[in-house]
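This is what each chain is made of:
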There are 4 protein chains.
Amino acid sequence: MAYTHLADYPADIRERAARVRLACFDVDGTLTDGRLWIDEQGRELKAFNILDGMGLRLLEKNGVRVVLMTARKSAVTEARGRELGIEEVHTAVKDKRSLLLSLCDKYNVQLEQVAMMGDDLVDLAALQVAGLAVAPANAHGWVKERVHWRTRAAGGEGAARELCDLILGSQGKAEAILAEFLR
Amino acid sequence: MAYTHLADYPADIRERAARVRLACFDVDGTLTDGRLWIDEQGRELKAFNILDGMGLRLLEKNGVRVVLMTARKSAVTEARGRELGIEEVHTAVKDKRSLLLSLCDKYNVQLEQVAMMGDDLVDLAALQVAGLAVAPANAHGWVKERVHWRTRAAGGEGAARELCDLILGSQGKAEAILAEFLR
Amino acid sequence: MAYTHLADYPADIRERAARVRLACFDVDGTLTDGRLWIDEQGRELKAFNILDGMGLRLLEKNGVRVVLMTARKSAVTEARGRELGIEEVHTAVKDKRSLLLSLCDKYNVQLEQVAMMGDDLVDLAALQVAGLAVAPANAHGWVKERVHWRTRAAGGEGAARELCDLILGSQGKAEAILAEFLR
Amino acid sequence: MAYTHLADYPADIRERAARVRLACFDVDGTLTDGRLWIDEQGRELKAFNILDGMGLRLLEKNGVRVVLMTARKSAVTEARGRELGIEEVHTAVKDKRSLLLSLCDKYNVQLEQVAMMGDDLVDLAALQVAGLAVAPANAHGWVKERVHWRTRAAGGEGAARELCDLILGSQGKAEAILAEFLR
């Protein structure tokens, strides 16, 4: 069951989320369920969730910069990033923590203003330095033990949207967003 | 567990369903599980459920006009609509409530005769004016709180069929339909 | 949890299964989970399960004729049937019961020697006349009420294999099959 | 829930895993969920999990040779194997046990140093001779009864990664691996 109201989230997590200006998302296993469909020519497909797409767009519209970062070279990820209008799409990333640190410089934000969401070992170094470290429900056990918060949904089933909602709610934006959609 | 008999549905929902002449369905997250498969060229696939297809056809054969409406520009949705023989397939819809109101005019039905099913914020305005507002089990929490009824199945797993069955049953058509298939 | 030993199945179902010479399977929702992946050109994909493929092959190798029958015109179903080496693949079937009856004639089997597995209303007429009528766990409620047996697995997740195992086990073939694979 | 700490695994299984030098994996149903997506031309896709890919790479980096073996002729499996840099990818395998035995010769390992993971009857003969025989949660009942260990995850959802983690942990490599990713 997804979180609905701000009071549903733990208080310390809301405090961390209230500070976020830069939200970084791993791709496979975080924005997807980790599955790679491969065809007979070795080309890949993967499955993103439209719930997450809406959340990422709401973050950017409300002053939180969104970053996609993946260790995998992937035309699919680049295509999805383009469609969502996300500028900071980084594929074939060798060192996610270094990338995260350089983005902090670029956007002039502190580490405590960074959220990082990831599911596997390659995300650990970046998760360790982020002000809000989040893992989807399907994350590897070693990752789950080392984050501040775990979403109820698995990657690809709306896990990223949970983080988006947490950030928007904790920053007091939820009411206005909802009002606009009801208008 | 899906509903099987008319008595399984709440009485007030059956009353609302008995009046429906126009049934509007969001697509991603409602007729699908919200997942978008993206290939290396950025082309998309999505997965509809044959259970829902049967339900939509039964509605149209029994005097209820079916509408598909999505905020997303999508050749996939248009292809699926064509295959099901649905005339009212609307993609890249900026304002679902306005579309719903104009369809009421076109078909000369009242708002209380309209069912609307959707799962995310972009559906809220239309859901608020429909005589029967329905969300699939996977809908966003803010949507689930603002509908008359939630299906047991998630989008893409037969959620739309549950609504079709509710409407057909509440309008006293279930026995005749079943009899025809048993003949 | 799938059935493993013959004693796990109800006795009356084993009796019905012991007589089967012709095993008919609906496709969408029975050999698949009912989902149709549609691409931007309107072409479809669907997902069969390799567990079922093994079961269907074991039936044919052990004297039970396998039939695939679907109301849907589908190049995908034909391709899957060819790959499994199944001769009796029927698509775009208007009347499954008539087809079933004509196959009884062709193969000189009685209705009590026919198993039929299906998940939706179009399967009902054929299910009503078969000696062993089976529905997968995901079947429509009206169908589930009108069959002799429901598999524990859903369509596309090994439901058909459960029926294959039931038939092979009830006909005393399981031990020999297992021995061959262990050899 | 996946295993996280070495103490979570049964002691006798850890002993078996500590000896493994050669880890053999069936493909469909073990590295995938057993589903074959078929398109209108009869071409197939299947879905691997990035969690498993990471595990297989960690095995090879830590001195355990990885083998993929499938009875199915499959360009998809070959493509996935190439991408992961696995040398020993065998498709269209008629006799998995013979292949396993010849690989023991080639790499000069004993049968008790071999792990084999598979889900269906064609894997049984190889599973019977391996020092560590493992089945994913979705395996056929007859297979589940004849292995040393069953993973909690199903094939395609990280089942193979569970085995990789077990082997690496039992061989005392987990701490060093984790430290490298945290660095």
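**Observations concerning the overall build of chain A**
Within chain A, the secondary structure is distributed over eight helices and eight strands. Expressed as lengths along the three principal axes of its C-alpha atoms, the size of chain A is roughly 50 × 35 × 30 Å. Of all 183 residues assigned to chain A, the portion counted as buried reaches 62%. Here chain A displays about 6800 Å² of accessible surface, and carbon together with sulfur accounts for 46% of that area. Between the averaged position of the 25 positive side-chain charges in chain A and that of its 27 negative side-chain charges there is a distance of 2 Å.

**Some words on helix α2 (residues 50–61) of chain A**
All names here are of chain A. The first and last C-alpha atoms of α2 sit 17 Å apart over 12 residues, in line with the 16 Å expected at 1.5 Å per residue. With nine of 12 residues buried, α2 lies mostly within the body of the structure. Along α2, the residues classified as buried are Ile50, Leu51, Asp52, Gly53, Met54, Gly55, Leu56, Leu58 and Leu59. The backbone nitrogen of Leu51 lies 2.8 Å from a side-chain oxygen of the residue at the head of α2, namely Asn49. Gly63 sits one or two residues past α2 and shows a positive phi near 85 degrees.

**What to know about the relation of the copies chain C and chain B**
One copy of the chain maps onto the second through a rotation around an axis plus a translation along that axis. Expressed as a screw operation, the relation of chain C to chain B combines 0.0 Å of axial shift with a rotation of 90 degrees, fitting to an RMSD of 0.0 Å. Within this description, the copies of the chain are treated as partners about a four-fold rotation axis. Of the residues that chain C buries at the interface, just 15% are likewise interface residues in chain B, meaning the two copies contact each other through different surfaces.

**Quick look at the interface of chain A and chain B**
At the junction of the two partners, chain A supplies 31 residues and chain B supplies 27 residues. Buried surface at the junction of chain A and chain B, both sides included, amounts to about 2600 Å², of which 60% is carbon and sulfur. Ranking the residues of chain A by area buried against chain B places Ile50, Phe181 and Leu182 of chain A at the top, with a combined share of 20%. There are three salt bridges connecting chain A and chain B. Measuring nitrogen to oxygen at the nearest pair gives 2.9 Å for the salt bridge that ties Arg161 of chain A to Asp120 of chain B. For the pair chain A and chain B, the interface holds 11 residue pairs in polar contact (both at pLDDT 80 or more). Of all the secondary-structure elements, those providing two or more residues to the side of chain A that touches chain B are β2 (35–38), β3 (44–49), α2, α3 (75–84), α7 (159–170) and α8 (174–182) of chain A. Residue contributions to the side of chain A that touches chain B peak at six residues, all from β3 of chain A. The pairing of β3 of chain A with strand β2 (residues 35–38) of chain B spans four bridges and is antiparallel.

**Structural notes on the relation of the copies chain A and chain B**
Of the transformation placing chain A onto chain B, the axial shift is 0.0 Å and the rotation is 90 degrees, giving an RMSD of 0.0 Å. When the interface residues of chain A are mapped onto chain B, a mere 13% of them again fall at the interface, so the copies present different faces.

**Description of the arrangement of the chains**
Without any contact between them, chain A and chain C keep their closest C-alpha atoms 12 Å apart. One finds no contact between chain B and chain D; the C-alpha atoms of the two approach each other to within 12 Å at their closest.

**Side note on the sheet that holds strand β7 (residues 132–135) of chain B**
Residues and elements named next belong to chain B. Reading across the sheet, the six strands line up as β5-β4-β1-β6-β7-β8 and stay open at both edges, with parallel pairing between neighbours. Each end of this open sheet is capped by a strand with a single partner; those strands are β5 (88–90) and β8 (149–150). In this structure, strand β4 (residues 65–69) lies alongside β5, joined through three bridges in parallel fashion. Paired with Val67 across the strands is Glu88, a residue of β5.

**Brief notes about the confidence of the model for chain A**
The predicted model of chain A averages 96 in pLDDT, with 99% of residues at 70 or higher. Interface confidence for the predicted complex, expressed as ipTM, amounts to 0.94; the pTM equals 0.96.

**Quick word on the packing of helix α2 (residues 50–61) of chain D against helix α7 (residues 159–170) of chain D**
Helix-helix packing is characterised by the crossing angle of the two axes and by the distance between the axes. Residue and element names in this part refer to chain D. Contact geometry of α2 with α7 gives a least axis separation of 8 Å together with a crossing angle of 30 degrees. With respect to α7, the axis of α2 lies roughly parallel. Helix-helix and strand crossings are classified by hand; for α2 and α7 the assignment is left-handed. When α2 is examined against α7, the residues Leu51, Asp52, Met54, Gly55, Leu56, Leu58 and Leu59 are found in contact with a partner set consisting of Ala159, Ala160, Arg161, Cys164, Ile167 and Leu168. Among the residues making up the contact of α2 with α7, the classes are represented as 10 nonpolar, one polar and two charged.

**Quick notes on the state of the cysteines**
Per the stated rule, a full pass over the model turns up zero disulfides over all chains. A disulfide-free cysteine, Cys104 of chain D has its sulfur positioned 7.3 Å from the sulfur of Cys24 of chain D, the nearest such atom.

**Section: unusual backbone geometry**
Unlike most non-glycine residues, Asn108 of chain B shows phi in positive territory, near 55 degrees. Considering the arrangement of structural elements, one finds Asn108 of chain B in the loop between α4 (96–107) and β6 (114–117).

**Notes on the pattern of salt bridges**
Residues and elements named next belong to chain B. Per the stated rule, a full pass over the model turns up 64 salt bridges over all chains. Put simply, Lys106 and Glu88 hold a salt bridge, and the shortest N to O gap is 2.6 Å. In this pair, Lys106 sits in helix α4 while Glu88 sits in strand β5, placing the two residues 18 residues apart along the sequence. What makes Lys106 exposed here is its relative accessible area of 55%.

**Here we look at the interface of chain C and chain B**
Contact residues are listed per partner, giving 27 residues for chain C and 31 residues for chain B. Around 2600 Å² of area is buried between chain C and chain B when both sides are counted, 60% of it from carbon and sulfur atoms. On the surface where chain C and chain B come into contact, there are three salt bridges. The tally of links between chain C and chain B comes to 11 residue pairs in polar contact (both at pLDDT 80 or more).

**With respect to the pairing of β6 of chain B**
Residue and element names in this part refer to chain B. Burial along β6 is two-sided: Val114 and Met116 facing one way and Ala115 and Met117 facing the other are all buried. Note that β6 and β7 share three bridges and pair parallel. Counterpart to Met116 in the pairing with β7 is Ala133. With respect to chirality, the unit in which β6 leads through helix α5 (residues 124–129) into the neighbouring parallel β7 is right-handed.

**Remarks on the packing of aromatic side chains**
Scanning the entire structure with this criterion turns up eight aromatic pairs over all chains. The structure contains a cluster of three or more aromatic residues connected by ring pairs, namely Trp37 of chain A, Trp37 of chain B, Trp37 of chain C together with Trp37 of chain D.

**Some points on the sheet that holds strand β7 (residues 132–135) of chain C**
Residues and elements named next belong to chain C. Strand order in this open sheet of six strands is β5-β4-β1-β6-β7-β8, and the pairing throughout is parallel. Strands with a single pairing partner mark the edges of an open sheet, and in this sheet they are β5 (88–90) and β8 (149–150). With respect to the sheet, helix α4 (residues 96–107) is in contact with β1 (22–25), β4 (65–69), β5 and β6 (114–117), its orientation differing from that of β4 by roughly 155 degrees.

The rules behind these values
Residues numbered from 1 in each chain as written. Chains lettered and ligands numbered in written order. Predicted model: local features only at pLDDT ≥ 70, side-chain atom pairs only at ≥ 80, totals over all residues. Heavy atoms only, no water. Helix = DSSP H or I, 4+ residues; strand = E, 2+ residues; numbered from the N terminus. Buried < 20%, exposed > 50% of the residue type's maximum accessible area, 1.4 Å probe, protein only. Areas by Shrake-Rupley, 256 points an atom, 1.4 Å probe, with all protein chains shown as cover. Lys, Arg positive; Asp, Glu negative; His and termini not counted. Charge placed at Lys NZ, Arg CZ, Asp CG, Glu CD. Expected span 1.5 Å × (residues − 1). Polar contact = N/O pair within 3.5 Å; in protein donor to acceptor, adjacent residues only side chain to side chain. Least-squares fit on C-alpha atoms with pLDDT ≥ 70 in both. Contact = heavy atoms within 4.5 Å. Buried area = accessible area lost by both parts, 1.4 Å probe. Salt bridge = Lys/Arg side-chain N within 4 Å of Asp/Glu carboxyl O. Pairing = 2+ DSSP bridges. pLDDT = per-residue confidence, 0-100. Axes fitted to C-alpha atoms, helices over the stretch in contact; angles between N-to-C directions. Parallel < 35°, antiparallel > 145°, perpendicular 65-115°, else oblique. Left-handed = near helix turned anticlockwise from the far one by under 90°. Nonpolar A, V, L, I, M, F, W, Y, C, P; charged D, E, K, R; others polar. Disulfide = S-S within 2.5 Å. Right-handed = clockwise from strand over helix to strand, strands pointing away. Phe/Tyr/Trp six-rings, centres within 6.5 Å; stacked < 30°, edge-to-face > 60°.

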